Structures are given as structure tokens and as C-alpha cells.
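# Overview (structure and organization)
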Amino acid sequence: MQYPKIGIRPVIDGRWGGVRESLEDQTMGMARAAAKLITTRLRYPDGTPVQCVIAEGTIGGGAEAAACAEQFSKENVTATLSVTPCWCYGTETFDIDPKTIKAVWGFNGTERPGAVYLAAVMAAHAQRGLPAFSIYGHDVQDMTDTSVPDDVAEKLLRFARCAVAVGWMNRKAYVNIGGVSMGIAGSYCDAATMQKYFGIRAEWVDMTEIVRRITLQIYDHKEYDKALAWVKANCREGVDCNAGKALPRIITDSKVVPAEQDWEFVTKMTMIMRDILYGNPALAEMGWHEEALGRNAVAGGFQGQRQWTDWLPNADFTEAIMASTFDWNGTKCPTAFATENDTCNGIAMLLGTLVTGCAPCFHDVRTYWSPEACARVTGNKPEGVAANGFIHLINSGATALDGSGAARGADGKHCMKPFWEMTGADVAACLEATDWCRANYEYFRGGGFSSHFRCRAEMPVTLLRLNIIDGIGPVLQIAEGHTADLADAIHQPIDVRTDRTWPTTWFVPRLTGHGAFTDVYSVMANWGANHGVTVYGHVGADLITLASMLRIPVAMHNVPQEQVWRQHAWAAFGTEDAEAADYRACAAYGPLYQ
């Protein structure tokens, strides 16, 4: 594939005869320093280092700016970073390509007026409708200082990380397998939103395609043997909630795949849905050339309920393994793959995994528990991080196994990791933390298995959700917080009040004391839908920057104000109420791909 790249533009004072010559080394040095930082610190979702392209020469005027643009046009440059230590000629040197995401790093030094150029070119970007990010170090550096200050490095990395996410999505597909599940509004895939805001093509595949491929055996048979052996060795069965029940005939007659064959069926389902998204060269060798191509997917979802699950095994195993950082082939890039084909949550999964590299965990945002309600039901009040209440995150059987928090970092603490950092011990721990409960036949007449775990780690996570609002368009919600390990005396009685075969995560948002984060109840009350996604770490600042690039407003967040970084022109829409200014700016500029 041709990776999305960061194009670095070394911009310089165009006056020959001493000025320009004296600045060549410093200007190119800034470009090389930025490129080194980005390429050594950031990776693409497939684990390879992010690539930068540096202009072949410094840019002192329009002719050289055009030459740089020509060079970048052949390199799939998604975003440009202009760097300079000095005054330059604003509209003669800036990037005028409306399709690239832009940032300018102006060196904070007193020898030359780099700050003056930065301010001038930001004004030019705003006046021409080409918003850009402004990067300017807090402290003055000497002209001979070639280091990248920490605050500058943080912004350079955030810009590049988010710009690469934008480029990674562009021209790929969101694959809807099936249609709308149980009237869930997020399951209605809005093709225009996908196209205009994310550059993603919406595609649909009927669920009968899975039945066709199973029936005609359109899957890699050698891989299937390997996968099934791995499943039987690593996926231990948990509780069967159907045991002893006198189930009505409408349920018993609907189970067409014998229970003892469920693992075989769901393993084939998983391989087939992966092949639908990404293709598989092995299918071409079998004579199935069209099927071998896949759909150039970047994300997808499976309708499942009800037309499928009323008679065939559910896709909980498929959805959980697709989103995890490993399967029977070893560690892998996680796939944003939405339960119930909630496309809004599928996109949230995608955004979250693109900025973290970690598995996205799909959840029902199920129940807010106040300390008082907790004490009434369990006889105990929560303590520690959950002392002010907590939210029960659970899903109908399908959440990435990484969400168990069983992996461990270098410090020995439980965490989640990008797949390229997952060890064999991490994978084994996640598998050991998860059992697979036979699906509740009252919900899933066709059977199958649900991933079941209890997240026992207390770790930083970010909860996010994309909603589509009539009259506005897509809107992002963000809540940084922690998972909680509740005492058994609290966990057990609460967990069994809902389906005990599903994976549970106790979530506590970080409170600010005002707005939607006045208390835990307010977070739950202001959440925009029944689903949400958690990803590892406090990455709300990255998500806000990414949303700014995509022109998507953020409806609520608890990111400290000093960490919020949007395109410079956003300040022109108001500085006192940044949330309202964000809405106005996004409306004024419109979708990135309009």
C-alpha cells in the first residue's frame, strides 16, 4: 500500500546575498529534526514506522512552494508541516492545497522573527479558508540550539499522529455486513457522513454471503484447521445459562446448527467476515477471484440480531477476535468491528484505535450506580476510584479480549498495548482471563458463544462515542477516566442482575465539577446513545485534535483546557466558550471532503 505521509516544508527568508544563505542549515535542520522525531516515535496501524517526506530544498517563494507541492503530489502526502526559524513571505510560501492538513512550527528565538512569520501565516491561512495548527515553543531558544523542546515535540507528534489517522481512513471502506439491528439508529449507515467527513466509502454485504461461503466452503481450509485447533486449545467454555431451562418450542426449533458444532461454525464465520473486509489471496488459488479481493476495508460491523441470530450462531466470537490484537495467527492489527452494526460506534472504535494503536472495546453504556444505590443492593459502598459512583460498561457478548486488562507493561501493571508490543505472555493472559459462555438462547436462538471476562485492572481509559445530530451532523463525545476493580461483595450481586455471560467493565469518568462532568450521573445522563467505546489511556486531547481536522465538533469532554489543541483559526470563533466556538468553526468550514 502507499502509506499516508507527513510532508515537511522548510520555509526560509527568500533574500539572497547573506540572509537566506545564513539560514539554510538551521532551516533544514529543523525539518530533519521534526522528521526524525515523527519517524522514530510513531507507527502506522500495521506497526510500520510513519514516513515523512522532506522538500528537496528550502522554500523562499512561490516557485519553490509549487515545486514542493509537485514533489508531495507523488508521495501521498496527507499533511504538511512547515518549519522555519525566521521571517518568510506568508502567502508566497504557505501550502495552498485544500486537501492537505496543515501545521506550522515557528522557532521561538530572538535572533530572527520566526514568531512574526508564524503569526502572519496563521492570518493568511485563516483569511484564505485553509485552517492550520500553530506550533510555537513556550521558551526562547538560542539560534544554535537544535533540540526540539518537549512542548513542541508533543504538538508535532499529536499533529502527525492525528493526520496519519485521517490519511489511513481516506479512500477505504466501512463494510456493513447486514443492515439495521433492532431499530438501533446508529445501525443506519449514513453514506454521506462516511464520505464527506471521513473519506470512507460505505459498502453493504448481505448476511446471506456468509451462509453462501460456508455452504460452498469458500475459505482457506488449511487456515481453518489451524484456527479451530487454536480455538479448542485456548477458548475455554464458561457457564451455560440455558442449562435446566424448559425452553419453548419457538426457541428449540430455531437452533438449526447443533450446539456441538457451534465452534466450527463461528470459526468459519470469523474467517469469512475477515476475508470479506480484507480479501485473502488463498481464495484466488481456489478459483474464487472476486472473493479474494475483499472490500478495501478500514472498519465494519455485523447486524446479527435478529434475522441472523434468531436461527444461526451469533457473531460474538467474531466481533471480539476481530477487535483484539491477536488471533490464531499471532498478534495482529485490531479491526474496528461493531456489534449490531452500530456504524456510529464502529467509527468511534476506528478513531480510538487509530490514535492509540490499541484494541477498541465496544460497550453498552448500561447503568449508572450511585454510591447509595450500590449500598442498597449490595450492602456496601464503593471505595477508591469508584467512591463517587460508577458506570457499568457491558456488551452483548463481544468485546476485545484486551479489554480484560490482563496484559502487563514494563512496570508490571495491568494495561492494554499496541499489537506490536503484545508478548506471548500477554496473549495467554488475555485468553486465560476470558471464558466463552454459551449464548443465552432467549436472546440468541441460534446459539453461539459470548466472550465473558471481568476487567480487574484499574487502568486509564477514554470512553468515546460518535453521534449524528440532525441539523449539525456528526458530533463526538469524550470522557477520560479509569476502569475500577470493585470488591467482590459489590461486583457479584450487581453483575448477575444483567446477563452473566457478558464481559463487564466498571468505568469511572474523571470529574471536573461542572457541566456534563459535575458528577458521574451527569456523564451518564448526557451520553448520546446506548453504546460507547473505550480505548487505553487518556487520549482525549488527541481525539479533540483529530476531530478538529475532520471538522467534527466535540459535544462534551473532560480534557484539561491546557491540553486542548485545535486549528489556530478556531480562536477567531470565540475564546471564552471554546465548545461553542468549536461548533461555529466546524459549521463554517464544513466537512473535510465536502
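Residues numbered from 1 in each chain as written. Predicted model: local features only at pLDDT ≥ 70, side-chain atom pairs only at ≥ 80, totals over all residues. Heavy atoms only, no water.

Here we take up the pairing of strand β7 (residues 201–205). In summary, the side chains of a regular strand alternate between the two faces of the sheet. Note: strand β6 (residues 173–177) against β7, five bridges, orientation parallel. Looking across to β7, one finds that V175 is bridged to E203. Crossover β6 to β7 through helix α6 (residues 191–198) is right-handed. (Pairing = 2+ DSSP bridges. Helix = DSSP H or I, 4+ residues; strand = E, 2+ residues; numbered from the N terminus. Right-handed = clockwise from strand over helix to strand, strands pointing away.)

Here we come to the packing of aromatic side chains. Applying the stated criterion across every chain yields a total of 21 aromatic pairs. Arranged with centres 4.1 Å apart and planes meeting at 10°, the rings of W263 and F449 form a pair that is stacked. Of this pair, W263 sits in helix α10 (residues 262–278) while F449 sits in strand β18 (residues 449–452), and the two are 186 residues apart along the sequence. Taking relative accessible area as the criterion, F449 reaches 1% and is therefore assigned buried. Ring geometry for F573 and Y589: centres 6.1 Å apart, planes at 65°, overall edge-to-face. Residue F573 is found in the loop between β23 (554–556) and α20 (578–589), and its partner Y589 is found in helix α20; the two are separated by 16 residues along the sequence. Residue classification places Y589 among the buried positions, given a relative accessible area of 14%. Across the ring face of W168, the terminal group of K172 is positioned such that the distance to the ring centre comes to 4.6 Å. When the ring centre of Y224 is taken as reference, the NZ or CZ atom of K268 above it lies at 5.2 Å. (Phe/Tyr/Trp six-rings, centres within 6.5 Å; stacked < 30°, edge-to-face > 60°. Buried < 20%, exposed > 50% of the residue type's maximum accessible area, 1.4 Å probe, protein only. Lys NZ or Arg CZ within 6 Å of the ring centre and 35° of its normal.)

Okay, the side chain of H363 next. Mapped onto the secondary structure, H363 falls in strand β13 (residues 361–369). Judged by relative accessible area, H363 falls into the buried class, the value being 2%. There is a polar contact of 3.4 Å between the side chain of H363 and the backbone oxygen of C361. A distance of 2.7 Å separates a polar atom in the side chain of H363 from a polar atom in the side chain of T534. Those residues within four positions of H363 in sequence are excluded, and the remaining contacts are N345, L393, I394, N395, T399, T505, N530, H531, G532, V533 and T534. (Polar contact = N/O pair within 3.5 Å; in protein donor to acceptor, adjacent residues only side chain to side chain. Contact = heavy atoms within 4.5 Å.)

Turning our eyes to something else, we now look at the nonpolar core. Formed by 95 residues in total, the largest nonpolar core has its most connected members in I6, F198, L351 and L476. If one sorts the elements of this core by residue count, helix α5 (residues 150–169) sits on top with 13 residues. Contact partners of L476, with chain neighbours within four places excluded, come to L351, L464, R465, L466, L543, A547, I552, P553, V554, A555 and M556. The next biggest cluster of nonpolar side chains, apart from the first, holds 45 residues, and it includes V231, L312, M422 and C430. (Core = buried A, V, L, I, M, F, W, Y, C linked by side-chain atoms within 4.5 Å.)

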